[in-house]
Amino acid sequence: MILLQQMIILFLIMGAGYFLGKKRILDEHVGKALSWMIVNISNPALIVSGSFGGGMKAQELFFLLFLASGIYAVLIIIAELLVPLIWRREGQNGIFKVLLVFSNIGFMGFPIISAVYGNESLLKASVFLIPFNILIYTYGIRQISGKKIEKGEIVGNFCNAGIIACLCALLISITGAGEKIPLLVQKTANMLGELTAPLSMMVIGASFHGMNVKKALRNKKIIFFTVIKMIILPVLGMLVIRHLVKNTATEGICMVLLATPSGSMAAMLAMEYDGDYKGASEVIALTTLLSVVTMPLVSWLCGV
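In this report, the structure presented in the accompanying data block is examined. (Residues numbered from 1 in each chain as written. Predicted model: local features only at pLDDT ≥ 70, side-chain atom pairs only at ≥ 80, totals over all residues. Heavy atoms only, no water.)

## Here we look at the overall build of the protein chain
And step 1. Secondary structure assignment for the protein chain yields 16 helices and zero strands.
And step 2. On C-alpha atoms alone, the protein chain measures out to a radius of gyration of 18 Å, which is about the 19 Å that the 2.2 N^0.38 rule sets for 304 residues.
And step 3. Referenced to the eigenvectors of the C-alpha coordinate spread, the extents of the protein chain come out at roughly 55 × 45 × 45 Å.
And step 4. Across the 304 residues that make up the protein chain, the buried fraction comes to 51%.
And step 5. In the protein chain, of all internal contacts separated by at least 6 residues, the share reaching a separation of at least 24 is 85%.
And step 6. Surface summary for the protein chain: the accessible area is close to 14,700 Å², and the carbon and sulfur share equals 67%.
And step 7. Charge-centre separation for the protein chain: the mean point of 24 positive side chains lies 7 Å from the mean point of 15 negative side chains. (Helix = DSSP H or I, 4+ residues; strand = E, 2+ residues; numbered from the N terminus. Rg over C-alpha atoms; globule rule 2.2 N^0.38 Å. Buried < 20%, exposed > 50% of the residue type's maximum accessible area, 1.4 Å probe, protein only. Contact = heavy atoms within 4.5 Å. Areas by Shrake-Rupley, 256 points an atom, 1.4 Å probe, with all protein chains shown as cover. Lys, Arg positive; Asp, Glu negative; His and termini not counted. Charge placed at Lys NZ, Arg CZ, Asp CG, Glu CD.)

Quick look at the structure:
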């Protein structure tokens, strides 16, 4: 199975990152620098490079936007209903709602999609980043901080490298301008994009050093949450999505985006807005480690 092989490769790279973190070679300072480079340079380059080889019709673009928005709407409804039943304290359940709704699209989803379905599939996957970014900086921050987000903050947070890369990729694809871009520029973008998977996995691996994963494994609530997040929701979601989507690559992209671990953005926002950073980090670490098994399992159960 291609996905299983890819997950094992990523897991081994995470292991290398963990080793470097333990040796304090890839320490917190270096990790932050690499994270900035991934978020602002290599991942945007990966997204844009996916638009060089093919195009997308406006009709398909709007369908994917509708599909992505629908998926996030359903996940938010489930989070609002389910999470308060597990974590009854008002100040605690907000971060877990965010962990349930938002997956690690940039650091894990895109590299996996690129490896399994090819760079051309990244163009479709990039559409999912648009509602992701809108919601993580509105619903996500509101849940973590308990504060209302001003319009100026939304606009400022929305104008980031990932979204700009998505819009550029969609524009290149719809206009068919990919063939006119010089080969030198294309190769540069491809080489920068290829850095995303190994660097992101190493940064994730290094972040495991010092985390108490054993504590998370002894927490029944977190285990229950992880089973729902990593297995039940992706499987049930794909049972519905496969009736709406007829394209194999699009179906696979939806499966990967649903089955990836909880997003590292949740921990970053929790740190910034005084949320439960330790709890978020434990869940992210646990879901990331278990994804090596759960993602191939979900793929097998769904026949994707």
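That shown, we press on.
## Points about the packing of helix α5 (residues 105-117) against helix α11 (residues 196-207)
And step 1. Contact pair α5 / α11: the axes reach a minimum separation of 9 Å and the direction vectors enclose 140°. Considering their axes alone, α5 and α11 lie oblique with respect to each other. Considering the relative orientation of α5 and α11, their crossing is left-handed. Between α5 and α11, the residues in contact are G106, F107, M108 and P111 and T196, A197, S200, M201 and I204, respectively.
And step 2. Taken together, the residues of the contact of α5 with α11 break down into six nonpolar, three polar and no charged. (Axes fitted to C-alpha atoms, helices over the stretch in contact; angles between N-to-C directions. Parallel < 35°, antiparallel > 145°, perpendicular 65-115°, else oblique. Left-handed = near helix turned anticlockwise from the far one by under 90°. Nonpolar A, V, L, I, M, F, W, Y, C, P; charged D, E, K, R; others polar.)

## So, a nonpolar patch on the surface
And step 1. Together, F63, V227, I232, L236, L239, V240 and L244 line one region of the surface with nonpolar side chains, adding up to about 600 Å² of accessible area.
And step 2. Here the nonpolar patch gets six residues from one element, more than from any other, and that element is helix α13 (residues 220-244).
And step 3. Following the sequence through the fold, L239 ends up in helix α13.
And step 4. What makes L239 partly exposed here is its relative accessible area of 44%. (Patch = residues over 30% accessible without salt bridge, like charges linked within 9 Å, V, L, I, M, F, W, Y side chains within 5 Å. Salt bridge = Lys/Arg side-chain N within 4 Å of Asp/Glu carboxyl O.)

## Let's talk about the side chain of S200
And step 1. If you trace the backbone, S200 turns up in helix α11.
And step 2. On the accessibility criterion, S200 (0% relative accessible area) is buried.
And step 3. For S200, the side chain forms a polar contact with the main-chain oxygen of A197, separated by 3.1 Å.
And step 4. If we ignore the near neighbours within four places in the chain, the residues touching S200 are I38, F107 and P111. (Polar contact = N/O pair within 3.5 Å; in protein donor to acceptor, adjacent residues only side chain to side chain.)

## A closer look at the packing of aromatic side chains
To describe a pair of aromatic rings, one takes the distance between the centres and the angle between the planes.
And step 1. Under the definition given, this model contains four aromatic pairs.
And step 2. Ring plane angle 90° and centroid distance 5.4 Å describe the contact between F102 and F132, whose orientation is recorded as edge-to-face. Separated by 30 residues along the polypeptide, F102 in the loop between α4 (90-101) and α5 and F132 in helix α7 (residues 129-145) bring together distant segments of the chain. For the pair shown, F102 and F132 are each scored as buried.
And step 3. Three or more aromatic residues joined by ring pairs form one cluster here, namely Y72, F102 and F132. (Phe/Tyr/Trp six-rings, centres within 6.5 Å; stacked < 30°, edge-to-face > 60°.)

## Topic: the environment of L61
And step 1. Relative to the assigned elements, L61 resides in helix α3 (residues 58-86).
And step 2. Looking at L61, the relative accessible area reads 11%, which means it is buried.
And step 3. C-alpha of L61 to C-alpha of P44: the two residues are 17 residues apart in sequence and 19 Å apart in space.

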